[in-house]
Amino acid sequence: MIYADNAATTKVCDAAIEAMAECMRNGYGNPSSLYSFAQDAKEVLEGARKTIAECLCCDPKEITFTSCGTEADNQAVATAAKIGRKAGKMHIISTAFEHHAILHTLKRYEEEGFEITLLDVAPTGVVSVEQVAEALREDTCLVTIMYANNEIGTIQPIAEIGALCKERGILFHTDAVQAAGHLPIDVKAQNIDMLSISAHKFHGPKGVGVLYARKGIVLANVLEGGAQERNRRPGTENVPGIVGMATALKIACDGLEESTAKVTALRDRLIEGLDRIPYSELNGDPVKRLPGNVSFCFEGIEGESLLLLLDAKGICASSGSACTSGSLDPSHVLLAIGRPHEVAHGSLRLSIGDDLTEADIDYMVESVTEVVTYLRSISPFWRDMVEGKREHVFAE
Ligand SMILES: *Cc1c(COP(=O)(O)O)cnc(C)c1O
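These figures come from a predicted structure and were not determined experimentally.

Q: Explanation requested: the domain arrangement of the protein chain in the structure shown.
A: When the parts come together, some accessible area is lost, and that loss is often what is quoted as the size of the interface. Partitioning the protein chain into domains gives domain 1 (14-254) and domain 2 (256-386). Of note, the centres of domain 1 and domain 2, computed from C-alpha atoms alone, are 29 Å apart. Each partner contributes to the interface: domain 1 provides 29 residues, whereas domain 2 provides 23 residues. In total, about 2000 Å² of surface goes out of reach between domain 1 and domain 2, with carbon and sulfur atoms giving 61% of it. Counting every contact that joins domain 1 to domain 2 gives zero salt bridges. Among the secondary structure elements, those contributing two or more residues to the side of domain 1 that touches domain 2 are helix 4 (100-111) and helix 8 (239-254). Broken down by element, the residue count for the side of domain 1 that touches domain 2 peaks at three residues, all from helix 8. For the side of domain 1 that touches domain 2, a count of residues per class yields 14 nonpolar, 11 polar and four charged.

Q: Any chance you could explain the pairing of strand 2 (residues 63-66) here in plain terms?
A: Two faces, one strand: in a regular strand the side chains alternate between the faces of the sheet. Of the two faces of strand 2, both are covered, the one formed by Ile63 and Phe65 as well as the one formed by Thr64 and Thr66. Alignment of strand 2 against strand 8 (residues 209-213), held across four bridges, turns out to be antiparallel. Within strand 8, the position partnered with Thr66 by the bridge is Gly209.

What counts and what doesn't
- Residues numbered from 1 in each chain as written.
- Predicted model: local features only at pLDDT ≥ 70, side-chain atom pairs only at ≥ 80, totals over all residues.
- Heavy atoms only, no water.
- Domains from an automatic or database assignment.
- Contact = heavy atoms within 4.5 Å.
- Buried area = accessible area lost by both parts, 1.4 Å probe.
- Salt bridge = Lys/Arg side-chain N within 4 Å of Asp/Glu carboxyl O.
- Helix = DSSP H or I, 4+ residues; strand = E, 2+ residues; numbered from the N terminus.
- Nonpolar A, V, L, I, M, F, W, Y, C, P; charged D, E, K, R; others polar.
- Buried < 20%, exposed > 50% of the residue type's maximum accessible area, 1.4 Å probe, protein only.
- Pairing = 2+ DSSP bridges.

Okay, structure coming up:
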């Protein structure tokens, strides 16, 4: 099997599994209890916090553990909304191609009276600092822009946007779930006020994440309960998950340079191979993109059929986001970068890791080419295009 869906989730690394097993077997105390056995668990928890803070270049006190990336995103928006409402500032800026953890949360605040500006990202999938500057208003309380997109892999100018927001005194949050462990992050140097990450996107376990919040920002509670996480996030801490996350993030950050070089070379080999398929186009920016992300649209095919046939060839792929599969609507991300509906339906995302080889890449190119050719041969849409009854969207 070739696993090429790392943007949906990743394989948990062995070191994280071992650290978690040890924690569950021998370190199962509740960090809030007073006896020394539980205080040992508390120490392990704080050690993990320190490790993660080092990876993000911040203070451990600025790290709050959450149950996932979605919760961190929700809490970041809730925090800015609470601060904004108090100050009479109820305008939020984001982009049209955020993850639903942000977009659906913003929708809720819109119903509560906030005004939301979603910046356009067409056609490369990159937001410019100028666009953000133009959208800023006196009553803007938050700018939230993802670090790297989960479907098309584009990387945003985070440090520049952060500098702009800092200058204007506006909170800046970034959903860095796809970036953490894959791109260098320095929250101070990049002027980031709040940042979300999720362990299962960098070879840690599912169900655990982090919300970084710069010192001085009082987080709004999403859950009500006990005093854990210094009153910022109630609920008994998921110590094994947190330890697994810290272990995985440290390994990813320590090996970042090496894995980036390897994965980028594999990615570009894959892009080059798929680009040879006629009437296909790469989605997103060729350079400002995640090392492991390959996203294409092919004319005249249905993404779902493509996935099923690739599965039969032992390739795990995605048509876009795992969160939106199961719905028949084309991806909001592909529509946001201006792909027409009929082309957005023929999308393929291969998100690769450093476990793959050049031979795996060549097999993927061969398999996708074969499957696309077959699907076109049985597509009435494609026949219409070949017969000139329907216009092509892409050049050959
Ligand atoms: C996966 C993902 C999320 C959600 O994280 P979970 O831990 O699965 O809730 C949020 N944002 C982006 C960009 C993601 O890729």
